[in-house]
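Residue-level listing of the chains:
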Amino acid sequence: MELKEVLLKRRSVRKFSDQDVSREFIDELLHAAMSGPSACNATPWEFYVIKNQEVLQKLQGATQYAHINAHLAIIVVGNLSRALPMQLAPFWVQDCSAATENILLRAVDLGLGAVWCGIHPQKRAEKKVGDVLGLSPKQVPLNIIYIGYPAESPEMRDQYNEKYIHILE
């Protein structure tokens, strides 16, 4: 699939079939995630791959938008012990967001669907996910990405809008 098609096909999928995602595809998603940019190459990301249905059930209550039935979730976590120092520390959010977008795009390329459910900066949701996963205070969950074979096919769309573009010449 060409990159432009992947970009336009990337849509939030919230309904999935019962077909399991192979370990090979999970590895492909994680390779894509870690090929993303990272400020000063700090790579403060960690990825929790959840296939256990009990754990997936517990995660559904993390936030009102995370009630998704899928057989796979990847939780992108920022490890603050590997973040940049002092005032640069918040760049972990950008690093982990780039990794997340790469997962979403690679999912489309593999014929999968996915949805990004934000956790950070919701403190209650961060605590809930942290408790479920046993995270340390230095680990902050950025999001939950539910992934699977889509049971719905949102229309491909281009959201280009010139009114949001400002060119200074």
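How each quantity is defined
Residues numbered from 1 in each chain as written. Predicted model: local features only at pLDDT ≥ 70, side-chain atom pairs only at ≥ 80, totals over all residues. Heavy atoms only, no water. Helix = DSSP H or I, 4+ residues; strand = E, 2+ residues; numbered from the N terminus. Polar contact = N/O pair within 3.5 Å; in protein donor to acceptor, adjacent residues only side chain to side chain. Contact = heavy atoms within 4.5 Å. Core = buried A, V, L, I, M, F, W, Y, C linked by side-chain atoms within 4.5 Å. Buried < 20%, exposed > 50% of the residue type's maximum accessible area, 1.4 Å probe, protein only.

Q: Help me out: how do you make sense of the side chain of Asp95 in this one?
A: Tracing the backbone shows Asp95 in helix H4 (residues 91-109). Here Ser38 takes part through its side chain, which lies 3.1 Å from a polar atom of the side chain of Asp95. Not counting the four nearest positions on each side in its chain, Asp95 is found in contact with Pro37, Ser38, Ala39, Pro44 and Trp45.

Q: Just checking my understanding: could you explain unusual backbone geometry for this structure?
A: A negative phi holds for most residues other than glycine; trans holds for most peptide bonds. Going from His120 to Pro121, the amide bond is cis rather than trans, its omega being 15°. Take Pro121: it is sitting in the loop between strand E3 (113-118) and helix H5 (123-133). Within the chain, Cys40 stands out as a residue other than glycine whose phi angle is a positive 55°. Mapped onto the elements of the fold, Cys40 is located in the loop between helix H2 (23-33) and strand E1 (45-50).

Q: Help me out: how do you make sense of the nonpolar core in this one?
A: What tends to happen in soluble globular proteins is that the nonpolar side chains get buried as a cluster. Judged by nonpolar contacts, the single largest core of 26 residues is most densely connected at Leu29, Phe47, Ile103, Leu112 and Ile147. Here the element with the most residues in this core is H4; it accounts for six residues. For Ile103, the contacting residues outside a window of four places in its chain are Leu29, Ala33, Phe47, Ile74, Val76, Ile145 and Ile147. Among the nonpolar cores identified, the runner-up in size contains 21 residues, and Cys117, Ala125, Leu133 and Leu135 belong to it.

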